[in-house]
Amino acid sequence: VIALLVPWRDEAEQKLRAMALTDALTGLPNRRCFEQRATGMLALARRQNLPLCAVMLDLDHFKHINDTHGHEGGDNALRLFAQVLQQCCRHGELPARVGGEEFCVLLSGDEDSAEQLDQRLRAQLPRRSQEALGFLIDFSAGVALLQPDDTGMEPLLARADAALYLAKAQGRGQLQHDSV
């Protein structure tokens, strides 16, 4: 009996660990996983003197989507956005759902790399959302580049978030850069 239970327990522990680090709705890494993996990416960028960018993304008018298409429509929009985002990310880029309708991508590269990701996503999302959902979804984004005096991920993410809110304030559906 013990010989049967030990492998089952190990498998159950692995599944629980994976569940604790994955967003159940979208299948993307959740905030906890993002923070763990981001720490490693930050350390690598510092060690090798490489650029590191954070891109915060937020679905535009998400409340309207929920109000118009119901919570199932909103969930479908989140799932589709996550799927398209993940497909637009390149190897080594870390996409995650960090809250509600907010996503983040951490990537090794400069702001040009972030702009290319934004362009790939904007090229795919309208067609894919119209086909899969029957309505268009759009997003706003903010990007920030790791600065030499950043003590951790918090300042980088705060600047990317501020740039995201600037994009929303200036009409949505666009990418804005932080002011540093």
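Whatever comes next refers back to the structure up there.
Residues numbered from 1 in each chain as written. Predicted model: local features only at pLDDT ≥ 70, side-chain atom pairs only at ≥ 80, totals over all residues. Heavy atoms only, no water.

Attention now moves to the pattern of salt bridges. Within the structure shown, the criterion is met by 10 salt bridges. Across the pair Arg97 and Asp23 runs a salt bridge, and its minimum N-O distance is 3.1 Å. Within this pair, whereas Arg97 is found in strand β2 (residues 94-99), its partner Asp23 is found in the loop between α1 (2-21) and α2 (31-48), the two being separated by 74 residues in sequence. Of the residues examined, Asp23 reaches a relative accessible area of 14% and is grouped as buried. In this structure, Glu131 engages Arg127 in a salt bridge whose closest nitrogen and oxygen atoms are separated by 3.4 Å. One end of the pair, Glu131, and the other, Arg127, are both in helix α4 (residues 111-133), 4 residues apart, so they sit about a helical turn from each other. (Salt bridge = Lys/Arg side-chain N within 4 Å of Asp/Glu carboxyl O. Helix = DSSP H or I, 4+ residues; strand = E, 2+ residues; numbered from the N terminus. Buried < 20%, exposed > 50% of the residue type's maximum accessible area, 1.4 Å probe, protein only.)

Quick look at the layout of surface pockets now. As a volume, the largest pocket reaches approximately 200 Å³. Taken together, 13 residues make up the lining of the largest pocket; nearest its centre are Arg31, Phe34, Glu35, Met153 and Leu157. Those elements that provide at least two residues to the lining of the largest pocket are α2, β3 (102-108) and α5 (153-169). Broken down by element, the residue count for the lining of the largest pocket peaks at 5 residues, all from α2. Taken together, the residues of the lining of the largest pocket sort by class into 7 nonpolar, 1 polar and 5 charged. (1 Å grid on protein atoms, 1.4 Å probe; cavity = no way out; pocket = protein on both sides within 12 Å on 5 of 7 lines; lining within 4 Å. Points joined across faces, edges and corners; volume = space filled by probe spheres on them. Nonpolar A, V, L, I, M, F, W, Y, C, P; charged D, E, K, R; others polar.)

As a further point, take helix α3 (residues 62-88). The first and last C-alpha atoms of α3 sit only 21 Å apart over 27 residues, clearly below the 39 Å expected at 1.5 Å per residue. Remark: the principal bend of α3, roughly 130°, maps to His69. (Expected span 1.5 Å × (residues − 1). Bend = angle between axes of the 7 residues up to and from the residue.)

A separate point is the nonpolar core. The biggest cluster of nonpolar side chains holds 29 residues, and the ones touching the most others in it are Leu57, Phe81, Leu85 and Ile137. Looking at this core, the elements that each hand over two or more residues are β1 (52-59), α3, β3, α4 and β4 (139-145). It is α3 that contributes the most residues to this core, 10 residues altogether. Apart from residues lying up to four places away in sequence, Leu85 is in contact with Leu28, Leu57, Pro95, Phe103, Val105 and Leu121. Among the nonpolar cores identified, the runner-up in size contains 19 residues, and Phe34, Ala38, Leu42 and Ala54 belong to it. (Core = buried A, V, L, I, M, F, W, Y, C linked by side-chain atoms within 4.5 Å. Contact = heavy atoms within 4.5 Å.)

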